[in-house]
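Descriptive structure summary
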Amino acid sequence: MSGVRAARWAAGAVVPGELVLLVCGVAGVRLPGWALAVAQALVLCVLLLEGWVLGRLYADRRGHGAGPGTALREAVRAVVPVAVRKLLLHELRAMASLGRWVLRRPPHGVGAGELAAGYTGPQTAMMYGLLFVSVIETVALAFLIPWPAVHRVVLVLDVYGVLLVLAMHAACVTRPHVVRRDGSLRIRYGALFDLTVPPDAVASARVDRRYPEGRLASLSADGVLDLAVGSQTTVTLELTRPLAFVRPLGSRAQARTIRFHADDPRTLVAALRRSGPEGPPPAAGTDAGAGAR
């Protein structure tokens, strides 16, 4: 079906643009207002095309006897590439996290007796600075654009951009790392990254501050995964075996060592040792940052 091919091509073409916006937001790079407006307008056009094709496919599947849920899943898989589904899911989860943050709900995925470890310290000032600039730009464009139709479109896109920046930060605040009662560790970055490390996969954990270069989740040739926040990591986790993980856009890889950031790395490492195979945390006066040997 030509409509399906066009929808898949359009959805695939918009992924690089969305990825650039996402990476720039995480890195604190502010793009020109016109670039954001054009990018978001293209995304809106693609979403409208996707909705039209999805409606046709859904009706076709229902006409062939499929149930509502099955028809919807088949239509989505036929039209929307995996990377696009991941991006949309990230945005929906981020918006849900914004609601959780505003309503002051408990952190997501943290049970009773489990340690929630925040990691937003290095990026908080940057995120609020980006939010301030976004609001100023929205107000300035409201006065500078003379055409009512263009003004309304840009206003909607700018407000959505402000909400997205807030939602990205809210997702990081409400989705912390978690040391569970069984000794497993859930490593997260907002709605973009989520990896559970079972206790038998942890060889050692230590406080280890580093400043890696590269994107949010970068994997070296020797299997070292850096999940940096504000271009820094504070905990190094050595694994007993390669561990599979899913990248933000859906591709899979394996890591032998994981470096990530925690605002209070010593407490996280001590909790891992207390509940995991490394035994109890070190006695008072010893170096909490030394790895198990």
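These numbers were taken from a predicted model, which means no experiment stands behind them.

So, the environment of Ala 171
Within the secondary structure, Ala 171 is located in helix H6 (residues 148-174). It is 5.2 Å that separates the C-alpha atoms of Ala 171 and Ala 94, two residues lying 77 residues apart in sequence. What Ala 171 contacts, discounting residues up to four positions off in sequence, is Ala 94, Ser 97, Tyr 119, Gly 190 and Ala 191.

Here's the deal with the pattern of salt bridges
Summed over all chains, the structure comprises six salt bridges. A salt bridge links Asp 208 to Arg 206; the shortest N-O distance between them is 3.9 Å. Per residue, the accessibility class of Asp 208 equals that of Arg 206, and both read buried. Here Arg 259 and Asp 226 are joined by a salt bridge, their closest N and O atoms 3.8 Å apart. One end of the pair, Arg 259, is in strand S9 (residues 252-260); the other, Asp 226, is in strand S7 (residues 224-227), and 33 residues separate them in sequence.

What to know about the packing of aromatic side chains
Applying the stated criterion across every chain yields a total of two aromatic pairs. Their ring planes at 35° and their centres at 6.0 Å tell us that Tyr 119 and Tyr 189 sit as a pair that is tilted. On the criterion of sequence distance, the pair formed by Tyr 119 in the loop between strand S1 (115-117) and helix H5 (121-144) and Tyr 189 in strand S3 (residues 185-189) is long-range, its members being 70 residues apart. Residues Tyr 119 and Tyr 189 agree in their burial class; the two are buried. Seen in terms of ring centroids, Phe 193 and Phe 245 are 6.0 Å apart; in terms of plane orientation they differ by 50°. Their pairing is tilted.

Overview of the sheet that holds strand S8 (residues 233-246)
Paired through backbone hydrogen bonds, the strands of a sheet run either parallel or antiparallel to each other. Spatially, S5-S8-S9-S7-S6 is the arrangement adopted by the five strands of the open sheet, whose pairing is mixed. Each edge of the sheet is formed by a strand with only one pairing partner; in this case those strands are strand S5 (202-210) and strand S6 (217-219). With direction set aside, neighbouring strand axes in the sheet form an average angle of 35°. Of the strands in this sheet, S5, S8 and S9 touch helix H7 (residues 265-275), which is tilted by about 175° from S5.

With respect to the sheet that holds strand S4 (residues 193-197)
Across the sheet, which stays open at both edges, the four strands sit in the order S1-S2-S3-S4 with antiparallel pairing between neighbours. On the outer flanks of this sheet lie S1 and S4, each paired with one strand and no other. Averaged over all adjacent pairs, the angle separating strand axes in this sheet is 15°, with direction ignored. In this structure, S3 lies alongside S4, joined through five bridges in antiparallel fashion. Its bridge partner being in S4, Arg 186 is matched across the sheet by Thr 196. On top of the sheet, H7 reaches S1, strand S2 (177-179) and S3; it is set at about 35° to S2, its chief contact.

A few points about the confidence of the model for the protein chain
The share of residues in the protein chain with pLDDT of 70 or more is 76%, and the mean pLDDT across the chain is 79. The lowest-confidence element of the protein chain is helix H1 (residues 2-27), averaging 54 in pLDDT; the highest-confidence one is S2, averaging 97. A low-confidence stretch, residues 278-293 stays under pLDDT 50, and its non-local contacts, those more than four residues away or across chains, total 31 contacts.

Notes on unusual backbone geometry
Peptide bonds are trans in most cases, and residues, glycine excluded, mostly fall at negative phi. Residues other than glycine seldom take positive phi values, yet Arg 104 does so here, at roughly 60°. Checked against the element boundaries, Arg 104 lands in the loop between helix H4 (82-102) and S1. Arg 104 sits in the exposed class, given a relative accessible area of 77%. Residues other than glycine seldom take positive phi values, yet Ser 231 does so here, at roughly 60°. Mapped onto the secondary structure, Ser 231 falls in the loop between S7 and S8.

Looking at a nonpolar patch on the surface
A surface patch of nonpolar side chains, amounting to about 290 Å² of accessible area, comprises Phe 132, Val 133 and Ile 136. Tracing the sequence through the fold places Phe 132 in helix H5.

Brief notes about the pairing of S7
When a strand is regular, its side chains alternate between the sheet's two faces. Burial of S7 is two-sided: the residues Val 224 and Asp 226 facing one way and the residues Leu 225 and Leu 227 facing the other way are all buried. The pairing of S6 with S7 spans three bridges and is classified as antiparallel. Note that in S7 the partner of Leu 219 across the bridge is Leu 225. Between S6 and S7, which pair antiparallel in sequence order, lie four residues; one of them, Gly 223, sits at a positive phi of approximately 85°.

What counts, and at which threshold
Residues numbered from 1 in each chain as written. Predicted model: local features only at pLDDT ≥ 70, side-chain atom pairs only at ≥ 80, totals over all residues. Heavy atoms only, no water. Helix = DSSP H or I, 4+ residues; strand = E, 2+ residues; numbered from the N terminus. Contact = heavy atoms within 4.5 Å. Salt bridge = Lys/Arg side-chain N within 4 Å of Asp/Glu carboxyl O. Buried < 20%, exposed > 50% of the residue type's maximum accessible area, 1.4 Å probe, protein only. Phe/Tyr/Trp six-rings, centres within 6.5 Å; stacked < 30°, edge-to-face > 60°. Pairing = 2+ DSSP bridges. Axes fitted to C-alpha atoms, helices over the stretch in contact; angles between N-to-C directions. pLDDT = per-residue confidence, 0-100. Patch = residues over 30% accessible without salt bridge, like charges linked within 9 Å, V, L, I, M, F, W, Y side chains within 5 Å. Areas by Shrake-Rupley, 256 points an atom, 1.4 Å probe, with all protein chains shown as cover.

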